[in-house]
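Read off the chains here:
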Amino acid sequence: MRQLYIGGAWTASASGESIDVVNPATEEIIDRVPAGAPDDVEAAVRAARAAFPSWSATDGGERGKLLAAAADLLTERAGEIAQTIATDMGAPLGFALKVQTLMPAGVLAGYAELAETHPREQRVANSLIVREPVGVVAAITPWNYPLHQIICKVAPALAAGCTVVLKPSEVAPLAAYALADIFHAVGLPPGVFNLVSGRGPVVGEAMATHPEVDLVSFTGSTTAGRRVASLAAETVKRVALELGGKSANIILPDADLRAAVKVGVANCFVNSGQTCSAWTRMLVHRDQYDEAVRLAVEAAAKYTVGDPFDETNRLGPLVSAAQRDRVVHYINRGQEEGARLVYGGTEPPHPRGFYVEPTIFAAVSPGMTIEQEEIFGPVLSIIPYLSEDEAVQIADGTKYGLAGAVWAGSEDRAVAVARRLRTGQVAINGGSFNPQAPFGGYKQSGIGREMGELGLDEYLETKSLQL
Ligand code: NAD
């Protein structure tokens, strides 16, 4: 069994218990990680608190050098870490390398620079405004982009001068172990970064309630995020939440329909649909609806599903049996509520592994369960609209507001519609994901922003000195 990383040393958990890590493609147990206990959280928070005074006082350039060394080592070890991610969460190997590993390495390198360059002081009339690290950060992360979600928190927190206790997802925890190893190898001072694996209700809740934690940054489901925020309120912690989504892809009548549908299907299915910002609702004008459904089915047929280590496959399994069952439940629900299944369905594509066919529903109307709730699997709903106003209304008609897309004949028109949406990120005519742009949600998709300079601001407190 692996060990926790606390105060710069690998340590056994006080619980003595473990959690099995399962390969979702083979259903075999591939590793065991400690099921951390509240005592482990106590030790980790103490270590982080003890390390805070000197780490926060370290020159930004020095912190940046250590983070840059970690980014270099992460890049060097990318092949092996990508294999780990392909094995414990099931992402196809090429995607695991490029998006799940090298992208976070780039984000870490970016924060290494910002550790030195991000402005910390400002004069306003007779005041000097200084920005200081917030303190001890508790980071709680999900399994779908296991390394990326960790880096989005840990990199800016360390760059800001905070110390960190990380609880990765118990479902895909192995990338976190590789990261702890890397921080250890580059000589990050003891206690600056601590890793306590375990279950949310035990380790996560102990972190959210601990009085010596100054900020809890959570990425995961809206249900667990709400729980974390309410627990953190007891000690008036700062809370950052990156939660679920049900994002809309609005295709306006003058858009390039073929491109919009093809990219829209790809965005919905990538990572087997286990992407919080996925465009899971495709909104198409009634006059183009039948053609869009035909194009979507044609595009979906290219998505081979299978072994993540076979490069001909574009989709791997879902992460767990529970996730597979949840997705199958929603596919059944869609049919019960009268949506028309035009591709895929509940039949498992392979006898072993948590696989689901990429699935498309047509004739989906606003208010149906599959139109409102986050499914977190490769399931696309195609929804007709009659006017631009109606498209905006449908796009904004869920409790979420994380991402989305608008396609139109001109950038200006697409931008005008995007400005009307209550959502945190909008791709204009297929504009690509930018890891330096702030990412986060409106409404119940969350509070706060990650990535870029705004992502670093989350980890700073503000002090005004009147001169
Ligand atoms: P989850 O909420 O089940 O778990 C996320 C993390 O929270 C895990 O580490 C888990 O152990 C922990 N946790 C669970 N219950 C907890 C509790 N009571 N107290 C403290 N911690 C607790 O989510 P998941 O299934 O791992 O991930 C999928 C969800 O994450 C989806 O809803 C997805 O939309 C969301 N997500 C959001 C973003 C974003 O940036 N907005 C990114 C990725 C995933």
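Keep in mind that this is a model prediction, so the values were computed, not measured.

Student: For the sheet that holds strand β13 (residues 281–285), give the residues involved together with the corresponding values.
Tutor: Taken together, the 7 strands give an open sheet; going across it, the order is β14-β15-β16-β13-β12-β17-β18, and neighbouring strands pair in mixed fashion. Two strands close off the open sheet at either side, each with one partner strand: β14 (340–343) and β18 (427–428). In the sheet, strand β12 (residues 248–251) pairs with β13 via 4 bridges, with the strands oriented parallel. Bridging across to β13, Ala-248 finds its partner in Arg-281. In the packing of helix α11 (residues 321–336) onto the sheet, contacts are made with β14, β15 (359–362) and β16 (379–385), and the angle to β15 comes to roughly 25°.

Student: Lay out the environment of Val-21 with the relevant residues and their values.
Tutor: In this fold, Val-21 is placed in strand β3 (residues 18–22). Residues Val-21 and Leu-174, spaced 153 residues apart in sequence, show a C-alpha to C-alpha distance of 8.4 Å. With residues near it in sequence (within four places) discarded, Val-21 still touches Glu-28, Ile-29, Ile-30, Asp-31, Val-33, Asp-88, Val-171, Pro-173 and Leu-174.

Student: Help me get a handle on empty space enclosed by the protein, residues and values and all.
Tutor: For the structure on display, the rule yields 3 cavities of 30 Å³ or more. Its volume calculated, the largest cavity comes out at about 100 Å³. Looking at the lining of the largest cavity residue by residue, the class counts come to 6 nonpolar, 5 polar and 4 charged. Taken as a whole, the second largest cavity spans an internal volume of roughly 40 Å³. If you go around the second largest cavity, the residues you meet are Ser-217, Ala-240, Glu-242, Ile-447, Gly-448, Arg-449, Glu-450, Gly-455, Glu-458 and Tyr-459. Here the lining of the second largest cavity is composed, by residue class, of 3 nonpolar, 3 polar and 4 charged.

Student: An account of the layout of surface pockets is requested, with residue identities and associated values reported.
Tutor: For the largest pocket, the calculated volume is near 1200 Å³. If you go around the largest pocket, you meet 48 residues; those closest to its centre are Asn-267, Val-270, Thr-275, Ser-277 and Phe-433. For the lining of the largest pocket, the secondary-structure elements that each account for two or more residues are α4 (93–117), α5 (146–160), α9 (257–269), α14 (411–420) and β18. Here the lining of the largest pocket takes 5 residues from α4, the largest share from any one element. The residue inventory of the lining of the largest pocket, partitioned by class, reads 27 nonpolar, 16 polar and 5 charged. Taken as a whole, the second largest pocket encloses approximately 880 Å³ of empty space. Taken together, 38 residues line the second largest pocket, and the ones lying closest to its centre are Trp-143, Phe-218, Gly-220, Ser-221 and Ala-224. The set of elements that each furnish at least two residues to the lining of the second largest pocket consists of α7 (200–209), β10 (215–219), α8 (222–233) and α11. Among the elements that make up the lining of the second largest pocket, the one with the highest residue count is α8 (6 residues).

Student: So what's going on with the site of the ligand? Which residues, and what values?
Tutor: The immediate surroundings of the ligand are formed by 28 residues, with Thr-141, Glu-170, Ser-221, Leu-243 and Glu-374 found nearest. Note that a nitrogen atom of the ligand is positioned 2.6 Å from one of the backbone N or O atoms of Leu-243. Among the detected pockets, the ligand sits in the second largest pocket. Going through the elements one at a time, α7, β10 and α8 are the ones with two or more residues in the shell around the ligand. For the shell around the ligand, the per-class residue count stands at 12 nonpolar, 10 polar and 6 charged.

Student: An account of the sheet that holds strand β5 (residues 121–124) is needed here, citing residue identities and associated values.
Tutor: Across the sheet, which stays open at both edges, the 3 strands sit in the order β5-β6-β20 with antiparallel pairing between neighbours. In this open sheet, the two strands that pair with only one neighbour each are β5 and β20 (460–466). Across the sheet, the axes of successive neighbouring strands diverge by a mean angle of 25°, strand direction being ignored. Pairing geometry for strand β6 (residues 127–133) and β20, over 7 bridges, is antiparallel. Residue pairing for β20: Val-130 is matched across the bridge by Lys-463.

Student: Which residues make up the pattern of salt bridges, and what values do they have?
Tutor: Scanning all chains against the criterion turns up 25 salt bridges. Here Arg-281 ties to Glu-371 by a salt bridge, and the two come within 2.6 Å at their closest N and O atoms. Remark: Glu-371 occurs in helix α12 (residues 369–372) and Arg-281 occurs in strand β13; sequence separation between them is 90 residues. Taking the shortest distance from any N to any O, the salt bridge between Asp-389 and Arg-420 comes out at 3.0 Å. Within this pair, whereas Asp-389 is found in helix α13 (residues 388–395), its partner Arg-420 is found in helix α14, the two being separated by 31 residues in sequence. Relative accessible area serves as the criterion here: at 38%, Arg-420 is assigned to the partly exposed category. A single salt-bridge network, built from bridges that share partners, covers Asp-254, Glu-388, Asp-389, Arg-413 and Arg-420.

Student: Tell me what's going on with unusual backbone geometry, and back it up with residues and numbers.
Tutor: Non-glycine residue Ser-272 carries a positive phi angle of around 55°. Mapped onto the elements, Ser-272 comes out in the loop between α9 and β13. Classification of Ser-272 as buried rests on a relative accessible area of 3%. Although it is not a glycine, Phe-376 sits at a positive phi angle of roughly 65°. Inspection of the secondary structure assignment puts Phe-376 in the loop between α12 and β16.

Student: Could you give an account of the nonpolar core, naming the residues involved and the relevant values?
Tutor: In terms of nonpolar packing, the biggest core is built from 96 residues, with Leu-158, Val-164, Phe-183 and Phe-193 touching the most fellow members. Residues contacting Leu-158, with those up to four places away along its chain left out, are Trp-55, Arg-63, Leu-67, Val-164, Phe-183, Leu-188 and Val-192. If you look at the next biggest cluster of nonpolar residues, it comprises 30 residues, including Trp-279, Ala-296, Leu-315 and Ala-405.

Student: Kindly report on the side chain of Gln-288, identifying the contributing residues and their values.
Tutor: Its location among the elements puts Gln-288 in the loop between β13 and α10 (289–300). Relative accessible area serves as the criterion here: at 18%, Gln-288 is assigned to the buried category. Once residues within four sequence positions are removed from consideration, Gln-288 is found in contact with Leu-252, Pro-253 and Leu-257.

Conventions and cut-offs
- Residues numbered from 1 in each chain as written.
- Predicted model: local features only at pLDDT ≥ 70, side-chain atom pairs only at ≥ 80, totals over all residues.
- Heavy atoms only, no water.
- Pairing = 2+ DSSP bridges.
- Helix = DSSP H or I, 4+ residues; strand = E, 2+ residues; numbered from the N terminus.
- Contact = heavy atoms within 4.5 Å.
- Axes fitted to C-alpha atoms, helices over the stretch in contact; angles between N-to-C directions.
- 1 Å grid on protein atoms, 1.4 Å probe; cavity = no way out; pocket = protein on both sides within 12 Å on 5 of 7 lines; lining within 4 Å.
- Points joined across faces, edges and corners; volume = space filled by probe spheres on them.
- Nonpolar A, V, L, I, M, F, W, Y, C, P; charged D, E, K, R; others polar.
- Near = heavy atom within 4 Å.
- Polar contact = N/O pair within 3.5 Å; in protein donor to acceptor, adjacent residues only side chain to side chain.
- Sits in = over half its atoms within 2 Å of the grid points.
- Salt bridge = Lys/Arg side-chain N within 4 Å of Asp/Glu carboxyl O.
- Buried < 20%, exposed > 50% of the residue type's maximum accessible area, 1.4 Å probe, protein only.
- Core = buried A, V, L, I, M, F, W, Y, C linked by side-chain atoms within 4.5 Å.

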